[in-house]
Amino acid sequence: MGYAHEYAAAIMHRGRIPMEPADFVPDWADRPRKAKYYPGAEAFPLPGSSYPDEATTGAGCLGDTVNRRTNEDSRHADGSGAGPEGHFTLPVLSGLLQDSYGLSGRRLGIQANTDLGALPHYTHANWSRGTASGGGLYPASVYWVTGASGPLLPGVYYYSPLQHAMQRLLSGNVTGHVREALGEPAHTDAPRPGPVCDQFLVLGVKYWQNSFKYNSFSFHAVSMDVGALLQTWRMWLRARGMEFAPVLWFDERRLSGLLGLDAEEEGLFAVVPLRWRTQAPAAPAAPGPRVRLKDSERSRSVIDFDTLLRIHRSTASDTAERPEARAVATCVPAPLPGHLERVALPPAALPAVSVRDALRARRSSFGRFDASVPTTADQLAATLAACAATRVGGDGELEGTPGLSRLYAFVNHVKGIEAGVYAYEADRHTLCRLSEDPPGSFLQQNYFLSNYNLEQAGAVIVPTLRTTAVLDAVGDRGYRLVNATVGAVAQTFYTTAAAQELGAGVALGFDNISFIERLGLEGTGEAPLLIMLLGNERPRPADFISDIA
């Protein structure tokens with residue numbers, strides 16, 4: 001049993017037993033940048049928001065995507081440059097990065113979050129992005145390793161979201177090293193980069209960009225951030241009929257060396273092979289290349305947290321030993337008891353909203369829920385179905401297998417559904433009643449922060465996963481899979497709510513143990529990892545919105 005079991009238990013109990021250092025106070029004046037900065041690196045601007053594929057119909061329908069269907073019409077007619085076989089081009093890569101992690105606008109609104117007083121100042125501006133992030137900190141790093149088939153000089157590039165540009169870190173074709181680090185897939189459904197694939201996105205996290213605020217808890221948050229970003233890429237690409245198969249198990253130390261990273265300051269969480277429009281012979285893995293440039297840290301004082309280092313080390317060891325096919329298949333939740341009362345839900349359907357529009361509209365409600373206009377059963381049904389269909393995929397889960405998560409719904413104000421606590425049965429698209437008691441007071445009493453009134457939400461959806469079962473099945477790196485899964489669910493939740501013009505909020509500041517007890521999960525191994533608030537907001541909000549992309 002590795003350290004990840006101990007860390008997972010500490011996360012579950014942190015509402016009652018604070019994690020060390022319990023007295024930590026962030027130094028906001030010495031906070032790090034929200035993105036890495038490589039001084040002296042040559043930058044190449046990427047095509048902006050005017051790249052082809054801007055029309056609503058061309059951007060791909062969110063309803064098709066979240067239900068895991070391919071929008072066949074977009075394969076040939078969306079103007080995205082994806083090509084008849086769904087290959088990448090530079091405009092497609094640019095659009096993917098712009099819509100997922102690039103800055104899309106500045107927002108300011110009267111709401112209940114605790115940072116509201118600082119946001120009017122430009123130095124604390126709240127820049128909006130398509131992908132959600134714990135605490136709005138956005139700590140992910142995106143690297144592009146490109147070979148001879150790409151449009152730029154082969155090498156290693158860092159995506160600078162503030163500039164929407166690629167910064168060259170290394171010249172030369174080093175894609176052979178990436179292929180060797182990925183190794184052979186564990187099963188036939190896993191991604192096969194093969195000898196002709198010479199384009200990869202590498203997704204990392206520089207821990208200090210989050211730990212300066214959340215200290216030991218930060219690993220839990222950033223591993224969810226990774227899942228949220230991967231899910232954005234999945235929705236965006238599948239709306240264009242393109243493949244998406246992230247690799248979570250690979251030789252992390254070798255890739256860290258190639259990228260010139262301190263392996264304990266920045267973790268590498270996923271590699272995404274890209275099918276480029278043109279193909280070129282793969283280059284062999286020449287000995288010894290590595291990025292020599294170093295990013296410049298803004299903070300004068302960088303603190304190491306022992307708990308964070310331990311969970312990083314435990315999930316970064318033996319990473320090249322990919323689990324056997326269907327290793328996590330035994331970790332899915334058990335079927336719900338047959339004696340529970342079933343409540344039929346309306347068919348799940350989403351409005352014809354493009355993925356890009358949903359990503360642009362995604363935001364947190366922060367205390368603006370208003371129960372005077374109840375959520376509808378159709379809206380709840382569509383949200384539950386979309387979240388239940390979410391998968392990380394790749395070598396983490398086989399396509400077509402049951403999902404690792406289960407959803408529970410605390411219904412406050414949903415037209416046509418009585419207040420109470422329910423479990424969602426995805427295969428039958430029904431709610432199973434667990435309790436008839438209105439859950440509003442329980443929800444509020446077990447939430448630690450003051451930025452939401454949970455009772456005013458139409459419903460609060462809680463995803464659970466059998467964390468310890470996954471760790472037992474695939475080892476400590478399975479903690480990254482668990483959190484990537486729940487982060488992906490959260491991103492689906494946000495975009496689905498935005499498509500339905502509903503308010504949404506995701507929070508981690510709740511008493512996990514109380515939710516285990518209320519849901520009767522003591523014997524199932526299911527761990528509640530998020531609470532997701534859905535409902536209508538107060539009318540006529542006082543908002544400032546400035547779109548820049």
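A brief look at the structure comes next. Remember, it's a predicted structure, so these values are computed and weren't measured experimentally. (Residues numbered from 1 in each chain as written. Predicted model: local features only at pLDDT ≥ 70, side-chain atom pairs only at ≥ 80, totals over all residues. Heavy atoms only, no water.)

Glancing now at the overall build of the protein. From N to C terminus, the protein includes 15 helices and 19 strands. Taking all 549 residues of the protein together, the buried fraction comes to 60%. Accessible surface computed for the protein: about 21,000 Å², of which carbon and sulfur atoms make up 52%. (Helix = DSSP H or I, 4+ residues; strand = E, 2+ residues; numbered from the N terminus. Buried < 20%, exposed > 50% of the residue type's maximum accessible area, 1.4 Å probe, protein only. Areas by Shrake-Rupley, 256 points an atom, 1.4 Å probe, with all protein chains shown as cover.)

Okay, the sheet that holds strand β4 (residues 140–146) next. Overall, antiparallel pairing links the six strands, which are arranged β1-β6-β5-β4-β7-β8 in an open sheet. The open sheet has two edge strands with one neighbour each: β1 (43–45) and β8 (266–273). On average, each strand axis in the sheet is inclined to that of its neighbour by 30 degrees, with strand direction left out of account. Pairing of β4 with strand β5 (residues 155–160), which is carried by four bridges, proceeds in the antiparallel orientation. Opposite V145, over in β5, you have V156 as the bridge partner. (Pairing = 2+ DSSP bridges. Axes fitted to C-alpha atoms, helices over the stretch in contact; angles between N-to-C directions.)

This paragraph deals with the sheet that holds strand β19 (residues 543–547). Hydrogen bonding along the main chain pairs the strands of a sheet, whether they run parallel or antiparallel. Spatially, three strands are ordered β3-β2-β19 in an open sheet, and the strand pairing comes out antiparallel. The open sheet has two edge strands, β3 (127–128) and β19, and neither has a second partner. As paired elements, strand β2 (residues 105–109) and β3 share two bridges and run antiparallel to each other. Along β3, the bridge assignment pairs G105 with S128.

Turning our attention to the packing of aromatic side chains. A full pass over the atoms with the stated rule returns 24 aromatic pairs. Arranged with centres 6.3 Å apart and planes meeting at 90 degrees, the rings of Y7 and F219 form a pair that is edge-to-face. Remark: F219 occurs in helix α7 (residues 218–238) and Y7 occurs in helix α1 (residues 3–13); sequence separation between them is 212 residues. The same class applies to Y7 and to F219, which are both buried. With centroids separated by 5.6 Å and ring planes inclined at 35 degrees, the aromatic side chains of W144 and Y157 adopt a geometry described as tilted. Placement of the pair is W144 in strand β4 and Y157 in strand β5, with a sequence separation of 13 residues. Assigned by exposure class, W144 and Y157 land together as buried. (Phe/Tyr/Trp six-rings, centres within 6.5 Å; stacked < 30°, edge-to-face > 60°.)

Counting 134 residues, the largest nonpolar core has L230, W233, L380, L431 and I531 as its most contacted members. Among all residues touching L380, those that are not within four sequence positions of it are T375, V411, V414, I417, L431, A459, I461 and L534. A41, Y158, L170 and L182 belong to the second-largest nonpolar core, a separate cluster that totals 25 residues. (Core = buried A, V, L, I, M, F, W, Y, C linked by side-chain atoms within 4.5 Å. Contact = heavy atoms within 4.5 Å.)

Glancing now at the environment of G416. Mapping G416 onto the fold places it in the loop between β12 (414–415) and β13 (420–425). By relative accessible area, which is 78% here, G416 ends up exposed. A sequence separation of 39 residues divides G416 from A377, and the C-alpha atoms of the two residues are 6.1 Å apart.

Among the eight residues that make up strand β7 (residues 199–206), eight are buried, leaving the element largely enclosed by the rest of the structure. Alternating residues of β7 divide into Q199, L201, L203 and V205 and F200, V202, G204 and K206, and every residue in both groups is buried. Pairing analysis gives seven bridges linking β4 to β7, with the strands arranged antiparallel. Bridge pairing in β7 links T146 to Q199. Direction of pairing for β7 relative to β8: antiparallel, over a ladder of seven bridges. Across the sheet, the residue bridging to K206 is E266, located in β8.

As a further point, take helix α5 (residues 175–182). Of all eight residues in α5, seven are buried, a share of seventy percent or more. Those residues of α5 lying buried are T175, G176, H177, V178, R179, A181 and L182. In this fold, the buried residues of α5 make contact with β4, β7, α8 (252–258) and β8. Backbone geometry just downstream of α5 places G183 in the positive-phi region, at approximately 70 degrees.

Here the focus is the side chain of S514. Mapped onto the fold, S514 is located in helix α15 (residues 512–519). At a separation of 3.1 Å, a polar atom in the side chain of S514 contacts the side chain of R16. Side chain to side chain, S514 and N446 meet in a polar contact 2.9 Å long. Residues in contact with S514, not counting those within four places in the same chain, are R16, F442 and N446. (Polar contact = N/O pair within 3.5 Å; in protein donor to acceptor, adjacent residues only side chain to side chain.)

What follows concerns the pattern of salt bridges. Following the criterion strictly, the structure yields 21 salt bridges and no others. Its salt-bridge partner being R356, residue D99 comes within 2.9 Å of it at the nearest N-O pair. Placement of D99 in helix α4 (residues 90–100) and of R356 in helix α10 (residues 355–361) is noted, with a sequence separation of 257 residues between them. We note that D99, like R356, is buried. Residues participating in the shared-partner salt-bridge network are R16, D511 and E517. (Salt bridge = Lys/Arg side-chain N within 4 Å of Asp/Glu carboxyl O.)

Strand β6 (residues 165–171) sits mainly inside the fold: six of its seven residues count as buried. Examined bridge by bridge, β1 and β6 share three bridges and lie antiparallel to one another. Bridge pairing in β6 links A43 to Q167. Note: β5 against β6, six bridges, orientation antiparallel. Residue pairing across strands places V156 opposite L170, the latter belonging to β6.

Nothing here speaks to function; it is all geometry.
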